[in-house]
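# Residue-level structural notes
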Amino acid sequence: MLVFAHPNLLWALGLLAIPILLHLLNRRRPDALIFPTIRFLQHAQLPQKGHKHLQDALLLLLRLLAFAAMLLLLAGPRWQRPPQKQTTQSRRRAIFLLDCSASMNGWNHRNNALQLLEQSLHSLDSSWETAAIAFAANAITASEPSYNSHDTLSFLQKAPQTCTTARPAEAISHALALLDGASDARLYIASDFQRSDWLGITRVIPETIFLHLLPCSKPPEQNLGIAAARATPLPGNRLRTIIAIRNYGNQEAHTTLTVTIGSQIQTAPLTIPPLSQMRTSFAFQDAPELHFAHAQIQPDDFPLDNSFPFALRTSQLPKALILQNSFSDEALAAADFTSAAMARPKNAIADGFNVESTTTDLLPKSLQEFHVFFLLGTIHELPQDALAQIAKRVAEGATLFVTPGNQAALSLKRLQEQNLLEAHAAGLAVAQRHTPFGVGEILPSSSLATLFPSNADLFLFPIFRYVRLTPVPPTQTILTSLDHSPLLLEKPHGRGKVFFFAFDFSLDFSALPLTTSFLPLLRELSHTSVPEDFGVKRLLCGTPLLDAQNNPVDTKSPRAFLLDGWPVEVTPPPSESTTEHLPTEDLHVALTGQTATSSSALPPQRDIPLAKPLAVIALLAVLAALFLRSR
């Protein structure tokens, strides 16, 4: 069937009658007049008039053909094939895909998606066979193809909502298998088209399948979520919780954070800059009978990441190694202070470290099992191979603390030899009797900046002496004295970090080991050395898990529980909280290699454009007319 994009232009074809009428009017024979003066002249042989009339008629037809071809070209003609009759080998089939991933829980995405799919279903007549697929991490469920659209709609409405990420590639592959062999194939996908889910899927849908992308709503601009939560012990049988809040939107956001441990509840108002993360800490009294706590922020349009259950205990402790240089009273005191800070207090609810303390001549056979190393003035005595092993462990993610001892320059040299630190020592600064040194400020970008308020005793304890240090980049100063001298240096090494203090952990150097800040200072600097899943099973929603009897454990939704004595945290995927979404126009090109067409248009394989043939006909008619006219 011939159809036109602009059928109104076809009325101009009536203008073709005008040159035809003029040609017919010009064919009337003239009247013969006899002149007496030439009547005796002999007649000459003239060409026959019939040949001239034939040439004129042909020229007229060529001009009419060129004019008609140009008019039809402007009208936008195309040949539309009639629908094929249904046979066992030829059928019309449409597949409807519904995104059931975690991000569809918010912003009313699911309801909008169901409405769009319902409208698309109703736009098809009874000759269409339909089926549906609900997908998230996998192609969850699929309905059988049916000519009853109500069955397909009912399946979509009952599709389970999940807390997992989406893997649309698997669902699309399933849909293409169902569309294989269909003479008329359509694929409808309703999703929020979150960038993290759809990025990287290219050229998977052939040209023979007509693709409809149905964005369920306008991409959201704002979302706050709890990204992480953990607990560390404090002196006096107390507990500190550290909660990380992420602003996924591009605008500043405000919320209230609430942390609950048993009957203890603490809150804090927060203002979080766009596309950034903020950490907030609370101090609680010990609650030894509890294993878990709960963090909550104010509900927003995506509630799944507004709450976060987390463990207060772990099933095992990471290991820390303290190397002291002698059994002098000063060395023993430094080792005792460090061990007390890093070990789990008795009956404490939060985790600590399994601490081993020894001297450089009694090293453990293997250093691979330790996560944190303390070289308390002993690095210059450490054997070369042992220091190389520690450097390797730091590169793998361990944390190394070094104090200067009585040979600071030699200690720094040993660190430089292993590329662990770049700094120079310039003597010892000794305070006057009544005017000790003190801590001045913390590097704002350091993790310590959010841990210690301005009134913390970290800024109050006296420092009696320290080594004057000069860091060389990439080594940086994260803690300074009141006179802006470096007190604590930091340098990344592989996946781990190295920290060098300007003073020892003994009372001859400072009163830091007696403060309540000593424990959180060491714990905060060393917590990154412990893998996220160490002592606690941290799983994303939907991750398969079996108990000791090989029975499946429910991990469909966020929760925290004990499994065979092991604490387990189940959290939603952080990628589902993002507000970044792909434009459907770009995604359509990525999936098919073609730009999207109108949702009401027929599949491209049913239309044959006629613009090129008409243009060729018009050009040939004009050239032929010019040739005849020139003769």
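The structure this text deals with has already been given above.
Because the structure is predicted, anything quoted here is derived from the model rather than measured.

## Looking at the sheet that holds strand E20 (residues 439-442)
On the basis of which strands lie adjacent, the open sheet formed by 8 strands has the order E16-E15-E17-E18-E24-E23-E22-E20 and mixed pairing. The open sheet is flanked by strand E16 (354-359) and E20, the only strands paired with a single partner. Averaged over all adjacent pairs, the angle separating strand axes in this sheet is 20°, with direction ignored. Where E20 and strand E22 (residues 476-481) come together, 3 bridges link them in antiparallel fashion. Paired with Ile-442 across the bridge in E22 is Leu-479. Here helix H8 (residues 384-395) sits on the sheet and contacts strand E17 (372-376), strand E18 (399-403), strand E23 (486-493) and strand E24 (496-501); the angle it forms with E24, its principal contact strand, is near 120°.

## Section: the side chain of Lys-491
Structurally, Lys-491 is set in strand E23. In this structure Lys-491 is buried but unpaired, with Glu-422 as the nearest side chain of opposite charge at 4.7 Å. A distance of 2.8 Å separates the side chain of Lys-491 from the backbone oxygen of Asn-419, its partner in a polar contact. Ignoring anything within four residues of it in the chain, the contact list for Lys-491 reads Asn-419, Leu-420, Leu-421, Glu-422, Pro-474, Thr-475, Lys-497 and Val-498.

## What about H8?
Taking 1.5 Å as the rise per residue, H8 with 12 residues should run 16 Å; its terminal C-alpha atoms sit 17 Å apart, in good agreement. Burial in H8 covers these residues: Ala-386, Leu-387, Ile-390, Ala-391, Arg-393 and Val-394. Down the axis of H8, the sector holding all buried residues measures 160°, keeping them to one side. For H8, the exposed residues set more than 90 degrees away from the buried face come down to Asp-385 and Lys-392. Those residues of H8 that are buried lie in contact with E17, E18, helix H9 (408-417), E23 and E24. Positioned one or two residues after H8, Gly-397 has a phi angle of 130°, which is positive.

## Details of the environment of Ala-137
Following the sequence through the fold, Ala-137 ends up in the loop between strand E4 (128-135) and strand E5 (139-142). Sequence-wise, Ala-137 and Thr-543 are 406 residues apart; in three dimensions their C-alpha atoms are separated by 9.9 Å. The residues touching Ala-137, leaving out its near neighbours within four places in the chain, are Thr-164, Thr-165, Ala-166, Arg-167 and Glu-170.

## What to know about a nonpolar patch on the surface
A surface patch of nonpolar side chains, about 560 Å² in accessible area, is lined by Val-616, Leu-619, Leu-620, Val-622, Leu-623 and Leu-626. Relative accessible area serves as the criterion here: at 53%, Leu-619 is assigned to the exposed category.

## Observations regarding the sheet that holds strand E25 (residues 537-540)
The strand order across the open sheet built from 3 strands is E25-E27-E26, with neighbouring strands paired in mixed fashion. The sheet terminates laterally at E25 and strand E26 (559-563), the two strands that pair on one side only. Between one strand axis and the next, the sheet turns through 25° on average, direction left out of account. Note that E25 and strand E27 (residues 566-571) share 4 bridges and pair parallel. Within the sheet, the bridge partner assigned to Arg-538 lies in E27 and is Glu-569.

## A word on the pattern of salt bridges
Summed over the entire model, instances satisfying the criterion amount to 12 salt bridges. As a salt-bridge pair, Arg-92 and Asp-125 come within 4.0 Å of each other at their nearest N and O atoms. Note that Arg-92 is positioned in strand E3 (residues 92-99) and Asp-125 in the loop between helix H3 (109-122) and E4, a separation of 33 residues in sequence. On the accessibility criterion, Asp-125 (46% relative accessible area) is partly exposed. Between Glu-356 and Lys-319 there is a salt bridge, with its nearest N and O atoms 3.0 Å apart. Linking Glu-356 in strand E16 with Lys-319 in strand E15 (residues 319-324), this pair joins segments that are 37 residues apart in sequence. Looking at Lys-319, the relative accessible area reads 16%, which means it is buried. A single salt-bridge network, built from bridges that share partners, covers Arg-92, Asp-125 and Asp-184.

Conventions and cut-offs
- Residues numbered from 1 in each chain as written.
- Predicted model: local features only at pLDDT ≥ 70, side-chain atom pairs only at ≥ 80, totals over all residues.
- Heavy atoms only, no water.
- Pairing = 2+ DSSP bridges.
- Helix = DSSP H or I, 4+ residues; strand = E, 2+ residues; numbered from the N terminus.
- Axes fitted to C-alpha atoms, helices over the stretch in contact; angles between N-to-C directions.
- Contact = heavy atoms within 4.5 Å.
- Buried < 20%, exposed > 50% of the residue type's maximum accessible area, 1.4 Å probe, protein only.
- Lys, Arg positive; Asp, Glu negative; His and termini not counted.
- Salt bridge = Lys/Arg side-chain N within 4 Å of Asp/Glu carboxyl O.
- Polar contact = N/O pair within 3.5 Å; in protein donor to acceptor, adjacent residues only side chain to side chain.
- Expected span 1.5 Å × (residues − 1).
- Arc of directions from axis to C-beta.
- Patch = residues over 30% accessible without salt bridge, like charges linked within 9 Å, V, L, I, M, F, W, Y side chains within 5 Å.
- Areas by Shrake-Rupley, 256 points an atom, 1.4 Å probe, with all protein chains shown as cover.

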